[in-house]
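Read off the chains here:
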Amino acid sequence: MLKDKTLTYISLFSCAGVGCFGFKKAGFECIATNELIERRLNVQKYNNKCRFESGYICDDITTDETKNKIFTEIDRWKGLGNDRVDVLIATPPCQGMSVANHKKAENEIVRNSLVVESVHLIQKIAPRFFIFENVAAFMKTGCTAPDGTVKAIGDVVYEELSDKYIIVSRILNFKNYGSNSSRTRTVVIGVSKDMAEYVAPIELYPTYVEERTLRDVIGDMPKLEWGEICPTDFYHSFRTYPEEMRCWIHDLKQGQSAFDNEDELKRPHKIVDGVVVPNKQKNGDKYTRQYWDKVAPCIHTRNDQLASQNTVHPEEDRVFSIRELMKIMTIPPEFKWIDKTLEELNALPEKNKRALLKKEEIKIRQSIGEAVPTEIFFQIACNIRSFMEQEHFDNSMINKTIEDYQLDSPDNLIDFIVNNPLNLGSASLARIAELTNSKRENNAAYYTNKFIVNEIYKQLPEFEKNEINILEPSVGVGNFLPFLFKKYENVKRVNIDVADIDRKNLQILQLLLQKQKMPSNVNINYINTDTLLYNFNKRYDLVVGNPPFSKLKAKDAKKYLENNINKNTTNTFEFFLEKALAISDYVSMIMPKAILNTPEFSDTREILSHKKIDCIQDYGENGFKGVLVETICMFIDTVGAPNETKVESLTLKQSVIQKQKYITDTKYPYWIIYRDKFFDNISQRLEFDKFTVFRDRQITNSNTTQEKKADCLRVIKSRNISDDGKEIVDIPGYDSYIKKETVESLSAYKYVGNQNVYLTPNMTYKPRVMRNTKNVVVNGSVAVLIPKEDIHLTEKQMEYFSSDEYRKFYQIARNYQTRSLNVDATSVFFYGVLKENCNG
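Here is what the cut-offs are and how they apply
Residues numbered from 1 in each chain as written. Predicted model: local features only at pLDDT ≥ 70, side-chain atom pairs only at ≥ 80, totals over all residues. Heavy atoms only, no water. Axes fitted to C-alpha atoms, helices over the stretch in contact; angles between N-to-C directions. Helix = DSSP H or I, 4+ residues; strand = E, 2+ residues; numbered from the N terminus. Parallel < 35°, antiparallel > 145°, perpendicular 65-115°, else oblique. Left-handed = near helix turned anticlockwise from the far one by under 90°. Contact = heavy atoms within 4.5 Å. Nonpolar A, V, L, I, M, F, W, Y, C, P; charged D, E, K, R; others polar. Pairing = 2+ DSSP bridges. Buried < 20%, exposed > 50% of the residue type's maximum accessible area, 1.4 Å probe, protein only.

### What to know about the packing of helix α21 (residues 572-583) against helix α22 (residues 602-609)
Okay, step 1: Remark: α21 packs on α22, axes separated minimally by 12 Å, with the N-to-C direction vectors making an angle of 25 degrees. As summarised for this structure, α21 and α22 are arranged roughly parallel, according to the angle between their axes. Our pair here, α21 against α22, has a crossing hand that is left-handed. For the pair α21 and α22, the contacting residues are E574, L577, E578 and L581 in the first and T604, I607 and L608 in the second.
Okay, step 2: For the contact of α21 with α22, the class distribution of residues is four nonpolar, one polar and two charged.

### Details of the sheet that holds strand β14 (residues 522-528)
Okay, step 1: The nine strands are arranged β14-β13-β12-β15-β16-β18-β17-β19-β20 in an open sheet whose pairing can be described as mixed. Two strands close off the open sheet at either side, each with one partner strand: β14 and β20 (654-659). Mean inter-strand twist for the sheet, computed between neighbouring axes without regard to direction, equals 20 degrees.
Okay, step 2: Note that strand β17 (residues 612-620) and strand β18 (residues 631-637) share seven bridges and pair antiparallel. Looking at the pairing, C615 lines up with F635 of β18.

### Points about the pairing of strand β15 (residues 542-545)
Okay, step 1: Residues L542 and V544 line one face of β15 and the alternating positions V543 and G545 line the opposite face, and both faces are buried.
Okay, step 2: As judged from the two bridges shared by strand β12 (residues 467-472) and β15, these two strands associate in the parallel manner. Within β15, the residue paired with L471 across the bridge is V543.
Okay, step 3: Where β15 lies against strand β16 (residues 586-592), three bridges are found, and the strand directions are parallel. Looking at β16, one finds that G545 is bridged to M589.

In structure tokens:
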């Protein structure tokens, strides 16, 4: 993608630079690093973090002066050929505080609002990637939002940045991601949407690993005598404490606290006027000897004190040394805390060593306690670098590559994937494989982009089991698989059956998977079959996928309909859905949005209404690039009872928790997933189900003319109906006419001159209704509303249909659809008549 380009980053609230040293270690150049405390920034200078001295910015990030210094550094690097900042890292100070408690903690809210400064800088700088790292409660913590209100940080991040970035937030215990201590933190990664087709945030997170014990990490360190500084490692030393306290911990076994001692003189205490006054045991982990064969504890800032949390060595009467802490926090041995090499420090006289430690030790230890483990950011940096060093093609380049390398030939395609002569990223290789599938049109298999799978990943269920079974029933080139690997990385054994009717797809999939490191806990079973007819002979924990959307001919659908509940459809996705519901405890499946409302899927909606629908994600037309179909994804618990449903719209950028029975209410002809109080209030004022509908399918350009003649009728099309529905609008070059004798043989003829019916544009969010008029006929872009009883609409009612209020109501009634907006037998229900304005 950016071959031979220097990769760059900016670090905000960088402390001593321990975490972002991982980016330096991965070969990134630091454009600017901002830290308020000079002594911490000096540590970064000792490690040559920035190429230019001006990159070290010791200032308050809230000031324009500080921001301008950062922008100046960015411009400096642009002059060196750096087109864009690659990564912005922010680890702002944040107290884990609920939004609900903001009245009691206004000062902390202001402090937490430093994250908003980071958000504004991301908006201004527009890096390719951004990273937040903070406390576990970070995304739920209150801050002052840009609009002055108190909001959760997570809400601010998504509201302000989701237009331009795909964002994932994960709470990780770093012990399972390369760090050597138990440290539960939030890591947020954002990827610019101009790269969303090629990489998703979830792919950039560190790899899951088994935790290491304290013995594994520091068990080989030399023992230290009381007050000793290791002669070969200046940093392998500890801060002594009053020697009379030594008996408090001397006899402790691993896991025991000094407060457990039977002798009160061996328990933490003070002597006041000759009387023993016991210390209060506020935390059970104080004065506690650690375990050799457990993971190291979380490292806190006061790791120099016995009285702090989890600081006592497993067998020696001391706290952990600086070097031990560095190993626990994966800080590389070459990292410099002082402007001297380790050799120079080791060569100092003992007196000088002690004086230097007295001056520097507390600062070093505090910085370690506040740091992000270097390995965490190093892995993220390596993942970003790996992506950036590959080529990523858009569709035009992919099509050219297919032509240049003659990849329509299966043998050529296999050879191309194996050798990857253009150093393409996995997404581009998968896209090539998908586009060269000659059966794509027949199977209606659309490429599942990473943006959509990233959103699905967030809602997939967690399993508290040691072994799970997953089915991908139409796997294609396997776009879901890397996300499944990440989602279930902590499950001991994950069995994934991947099925596809196309043998070539499975062969290509195996080649693609060979190009990535397979998790050790995953077992993949390849099944070349017609999923709909195959007997899987097992119960799955999860079925997930993007089945084909194709309407079959009746004769081809017959074999699938035999075991199908819905006999009124020939769409393959519905067959896949019913199959999945029958064999799995949980189903997550992409499907056409039309399932929500069209009559064809009434029986399917009935089936689903009795399942527990956890979430409906609405992608609008953004599901498949270049394919004009609206899609959603449903997350269905097949064994649970209906309760609440999370409805997410990626186009409207809104998320709401709905009662499932509320949005599937049978008093309406189909589901209204965005139903709300406004919708209900309008519904109470209207009488529904007053019309049937007719839509012409016979009047086309082939039997009409733009020339007005005496023997012709005017053809009314949607744009001919004025915005208020009060008149027919003439539009040169658009208006058309049809011969009367031609109309007489068409279905639409029976409505010619019938002034008891009404006309409304089809396929629009701007409904308006006009009374039918003489000497006109309508084509399919206009629906004919036929009263079920003798109804005469008043002027007020006619005006209401084109009011802003009704149009807002109608959008909700149509689930904000953009493609499936036909006025059909079900949607005509919502052409409601005002109760006070209906004259019959």
